[in-house]
Amino acid sequence: MSVTSLDSESVYSNDTVTSGSVQERSIVPVENSLSSNEENGEAFNQKFPKSLVNANLSGCESVEIGTKFVADNITFVIGNSDARCQNQSVANSLFDALNIKKDLSKQNNIKFYFRFMCSLWHWLILVFLLDLSCSAYNPFFALQKWPLEVPHWFHRVFSTPDTPHFYSPSLQSPINIRSSHAAVLRLPPLIFKDLFRDEVELQCQNTGTTVEFELPEHTSWRPKLLGGPLFNEGVFEFDNLHIHWGARDFIGGEHKINSRRYAVEGHCVHFNSKYGNKSEAMKHPDGLAVVAFFGKAGNTDNPLVEKLVRKLPYIRLPGSSITVNAHEALEWLEELGEPRNYFAYPGSLTTPPYTENVMWIVYPRPVSLSSRQVEAFRNILSNNYQLLRKNIRPVQSFNSRPLIYAV
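Starting afresh in each chain, residues are numbered from 1 along the sequence in its written order. Local features in this predicted model are restricted to residues of pLDDT 70 or higher, and side-chain atom pairs are both shown and tallied only at a pLDDT of 80 or more, whereas totals for entire chains, interfaces and linings draw on every residue. Side-chain measures here rest on the full set of heavy atoms in the structure, leaving out hydrogens and waters.

## Observations regarding the nonpolar core
No. 1: Nonpolar cores were defined as sets of buried Ala, Val, Leu, Ile, Met, Phe, Trp, Tyr and Cys residues, with membership established by side-chain atoms within 4.5 Å. For every residue, the accessible area obtained with a 1.4 Å probe (protein chains only) is divided by the maximum for its type, and the residue is called buried under 20%, exposed over 50%, and partly exposed between those limits. With 51 residues, the main nonpolar core has Leu202, Val211, Phe213, Leu225 and Leu330 as its most contacted residues.
No. 2: Not counting residues within four places of it along the chain, the set of residues in contact with valine 211 comprises Cys204, Gln205, Leu241, His242, Ile243, Trp245, Leu312, Ile315, Phe377 and Ile380.
No. 3: Residues Ile257, Val269, Tyr275 and Tyr345 belong to the second largest nonpolar core, which totals 22 residues. Two residues qualify as a contact provided that any one of their heavy atoms is within 4.5 Å of a heavy atom in the partner residue.

## Some remarks on the pattern of salt bridges
No. 1: Salt bridge, as used here: a side-chain nitrogen of Lys or Arg that lies within 4 Å of a carboxyl oxygen of Asp or Glu. The final tally for this structure, using the stated rule, is 11 salt bridges.
No. 2: Measuring nitrogen to oxygen at the nearest pair gives 2.8 Å for the salt bridge that ties aspartate 249 to arginine 378. Taken as a pair, aspartate 249 in the loop between β15 (236-245) and β16 (256-257) and arginine 378 in helix α9 (residues 371-378) lie far apart in primary sequence, 129 residues in all.
No. 3: The network of salt bridges with shared partners includes Asp249, Glu375, Arg378 and Arg389. Secondary structure elements follow DSSP: runs of H or I no shorter than four residues count as helices, runs of E no shorter than two count as strands, and numbering proceeds from the N terminus.

## Remarks on unusual backbone geometry
No. 1: In this model, serine 173 is joined to proline 174 through a cis peptide bond whose omega is 5°.
No. 2: Inspection of the secondary structure puts proline 174 in the loop between β8 (163-168) and β9 (176-177).
No. 3: Across the junction of proline 352 and proline 353, the peptide omega takes the value 10°, indicating a cis bond.
No. 4: Residue placement: proline 353 occurs in the loop between β20 (342-347) and β21 (358-362).
No. 5: In the Ramachandran plot, serine 400 falls in the positive-phi region, its phi being about 55° despite a non-glycine side chain.
No. 6: If you trace the backbone, serine 400 turns up in the loop between α9 and β23 (404-406).

## Some points on the environment of glutamate 356
No. 1: Inspection of the secondary structure assignment puts glutamate 356 in the loop between β20 and β21.
No. 2: With 184 residues separating them in the primary sequence, glutamate 356 and glutamine 172 have C-alpha atoms 6.5 Å apart.
No. 3: Residues in contact with glutamate 356, not counting those within four places in the same chain, are His165, Phe166, Tyr167, Ser170, Leu171, Gln172, Gly347 and Ser348.
No. 4: Side-chain polar atoms of glutamate 356 contact the side chain of glutamine 172, separated by 2.9 Å. Throughout this description, a polar contact denotes any pair of N or O atoms lying within 3.5 Å of each other; where both atoms belong to protein, one of them has to be capable of donating a hydrogen while the other can accept it, and for residues adjacent in sequence the pair is counted only when both atoms sit in side chains.

## Details of the packing of aromatic side chains
No. 1: Only centres within 6.5 Å qualify two rings of Phe, Tyr or Trp (six-membered ring in Trp) as a pair; their planes then separate them into stacked at under 30 degrees, edge-to-face at over 60, and tilted for everything else. Applying the stated criterion across every chain, the model contains six aromatic pairs.
No. 2: Seen in terms of ring centroids, tryptophan 245 and phenylalanine 377 are 5.4 Å apart; in terms of plane orientation they differ by 40°. Their pairing is tilted. In this pair, tryptophan 245 sits in strand β15 while phenylalanine 377 sits in helix α9, placing the two residues 132 residues apart along the sequence. Just as tryptophan 245 is buried, phenylalanine 377 falls in that class too.
No. 3: Taking the centre distance of 6.4 Å and the plane angle of 10° together, the rings of tyrosine 345 and tryptophan 360 count as stacked. Here tyrosine 345 is found in strand β20, whereas its partner tryptophan 360 is found in strand β21, with 15 residues between them in sequence.
No. 4: By relative accessible area, which is 1% here, tryptophan 360 ends up buried.
No. 5: Three or more aromatic residues joined by ring pairs make a cluster, and in this case those are Phe293, Tyr342 and Tyr363.

## Re the confidence of the model for the chain
Interpreting fine coordinate detail is not advised for predicted regions of low pLDDT.
No. 1: Scored by pLDDT, the chain comes out at a mean of 74, with 62% of its residues at no less than 70.
No. 2: As a per-residue measure, pLDDT tells how confident the predictor is, with possible values from 0 to 100. Overall, residues 1-91 carries pLDDT values under 50, and its contacts beyond four positions in sequence, including any with other chains, amount to 148 contacts.
No. 3: Segment residues 130-142 is flagged for pLDDT under 50; beyond a separation of four residues in sequence, or across chains, it makes 25 contacts in the model.

Written out as structure tokens, the structure is:
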């Protein structure tokens, strides 16, 4: 066995030097590493137990302090105490143990990199799951299988012979529609068919709770709504359009859009044509679809809205009605009825019996009208012959139901 003398102050080197048949590997003495890494001394000692530092291993022969040695073609340096190992496997074990950590700073860098990558992957997975939730999960339930299949956290609680199931948590409307909760989805165009035709006549009446437009009883055909979020549900037929308003211009709409309310809100109610009429459709979970429009109050009259406002004095008393041309009375809504750019979600009627079988289609872009024109609605009389200052329902809990924005 040959022994090669090494400088006791040599720094760590992982290089292997071949001199004849001898391989030399040097390791930083323990005390040198501690002196240059005092703050990490404890961690260093934990990685290099004293039993190894002192080379008290079976098959190893202690040598004089300060002497370096080569054993079985491997040179070892162990602090202030060295050992001559006659057994190759013992020598390899010793070298492997001492070589656990070559450089504390390098290991810290590796740890930091590893933790950073783990954290990054966690965030990427979270973002992926959230994106999956928004872009796949919500439209799946909102459009393809709702209401026959609903998210597992909704439970049917009761129903009556004349109403579909109610749910817990509830699916009541109106809600505060937050765009951050909506999944953006490309849908077939939403089509309003024949609603704004000149030859369509509507009955405009004061019901004692709202101003309502509906088709005369003898009408043999009805305007239709199809496409959009209803593309799997068939054709929906027009039943009525009614208006909601509040005591003040900024609290008149029922729905909120990103926590903002508008002065008025119009609801265009449709029923699923496969049920024949609204009364029968209200008994089924896929029976109704309601399109909502908003009006924002300002200082300038809207000439299209003015055509309707001029007719309101004729229906001031509850139960009174007049016949109006649909295009003339509702032209102010026509510009809002785009084939896209609306929110859709499953909800309920906002008036009794509050059945939870409505697919809501809500256009967030409002039409402009004046405060004077909004006030004209507040001047009609209710069923008790008092001024009907407001007819809105409070906002209901969202309850994590599916919500989409169609583009």
